[in-house]
Amino acid sequence: MKIGFIGLGIMGGPMAANLVKAGHTVRGHDMSAAPVERLAALGGEAAAGVPDAVGGADLVITMLPDSPQVEEVAPLVVAHGRPGLLYLDMSTIRPETSRRVAREAAAAGVRALDAPVSGGERGAIDATLSIMVGGEREAFEAARPVLGSLGTTIVHVGPAGAGQTVKAANQLVVGGIYGLVAEAIVLLEASGVDPVAGLDVLAGGLAGSRILELKRHTMIRREFTPGFRIDLHHKDMGIAVAAAREAGVALPLTGQVAQLVAAARAQGHGSLDHSALLKVVERLNT
Ligand code: NAD
């Protein structure tokens, strides 16, 4: 396929590279020159701008930081895309923005899907991302082979915006678990109990989780190299809180987790891994 790829950052760079590896013609654009050059060196093509990346493409992917960037780029994708174009926005943004993008795309004959991902930079490099897709099923089926070169768990979760809602749910659960693991560490240490032994037990019981499995040792050692940055999780908690408001539901724990993440950022930890929520809980207790 001829694929246009816009946003070649931490996630988009390796994703575009995997599409090249899978045999697609990938024309990439980013507002920074360096990632475009990296893609070209790997066998991709350098586009001069969004219209150049989109023109003649069968499928376009955007992987941008947040809703404002998608709001800026999506109208250009729709304006310059051929009728029937598949447009996948894989950024994590507000569900409402994805629904609007899909409506405006449909009016121009472009088939838009929201397809945010989970799995981090490692998952992007290894093509093992989890991808949650919202939009028309027919468009999902058409995009599925390409998504298969990016991830291993690929699920159509509902209509436009549903992918982003699932991603918001994912992020509130991840943030909540980090917050509670942090509180468990603070309790164990303050009580004179070895946190390594304590969390080993938790990890093997009903409280076990991927986060306990993968992160308990680095948290206890206070190693907070990202990973996924507090700044991005702050953005995602904002999306979760806004999505709850839009859906007319109260999510009190989500609200508290959002405040803990905001505190981590306010304390200057925005560029640390999100497991640095432990620093906030510690600060409440010293
Ligand atoms: P990033 O900041 O590394 O990459 C974004 C890229 O978009 C940058 O290279 C930037 O130059 C480019 N860009 C910004 N505005 C642009 C514009 N108007 N036109 C063209 N290019 C533009 O971010 P990332 O870590 O790759 O994350 C991308 C998205 O994926 C975010 O929504 C993030 O929340 C989500 N996500 C990230 C991770 C992760 O672990 N990093 C995991 C899952 C989901």
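Residues numbered from 1 in each chain as written. Predicted model: local features only at pLDDT ≥ 70, side-chain atom pairs only at ≥ 80, totals over all residues. Heavy atoms only, no water.

Labelled according to an unreviewed UniProt entry, the protein chain appears under the name 2-hydroxy-3-oxopropionate reductase, originating from Nonomuraea coxensis DSM 45129. As stated in UniProt under Sequence similarities (unreviewed entry), the record for the protein chain gives "Belongs to the HIBADH-related family." (UniProt positions renumbered as here; feature names shortened; annotations may be inferred.)

Let's shift gears to the pattern of salt bridges. Pairing is possible between side chains that carry opposite charge, provided their charged atoms lie close to one another. Using the criterion set out here, one finds 19 salt bridges in the structure. Across the pair Arg111 and Glu138 runs a salt bridge, and its minimum N-O distance is 2.4 Å. Taken together, the residues Arg111 in strand β6 (residues 111–114) and Glu138 in helix α7 (residues 137–147) connect sequence positions 27 residues apart. Looking at Glu138, the relative accessible area reads 47%, which means it is partly exposed. Across the salt bridge formed by Asp126 and Arg122, the nearest N and O atoms sit 2.9 Å from each other. Placement of the pair is Asp126 and Arg122 together in helix α6 (residues 120–126), with a separation of four residues, close to one helical turn. Owing to a relative accessible area of 40%, Asp126 belongs among the partly exposed residues under this scheme. You can call Arg122 exposed: its relative accessible area is 53%. Look at the salt bridges and you will find they share partners, linking Arg94, Glu96, Arg99 and Glu246 into a network. (Salt bridge = Lys/Arg side-chain N within 4 Å of Asp/Glu carboxyl O. Helix = DSSP H or I, 4+ residues; strand = E, 2+ residues; numbered from the N terminus. Buried < 20%, exposed > 50% of the residue type's maximum accessible area, 1.4 Å probe, protein only.)

Domain boundaries assigned for the protein chain yield domain 1 (2–158) and domain 2 (165–284). With centres defined by C-alpha atoms, the gap from domain 1 to domain 2 works out at 29 Å. Here domain 1 meets domain 2 over a buried area of about 990 Å², counting both sides, of which 63% is carbon and sulfur. At the boundary of domain 1 and domain 2, one finds two salt bridges. Where domain 1 packs against domain 2, one counts four residue pairs in polar contact (both at pLDDT 80 or more). Contributions of two or more residues to the side of domain 1 that touches domain 2 are made by α5 (95–107) and β7 (117–118). No other element matches the three residues that α5 contributes to the side of domain 1 that touches domain 2. Considering only residue class, the side of domain 1 that touches domain 2 consists of seven nonpolar, two polar and four charged. (Domains from an automatic or database assignment. Buried area = accessible area lost by both parts, 1.4 Å probe. Polar contact = N/O pair within 3.5 Å; in protein donor to acceptor, adjacent residues only side chain to side chain. Nonpolar A, V, L, I, M, F, W, Y, C, P; charged D, E, K, R; others polar.)

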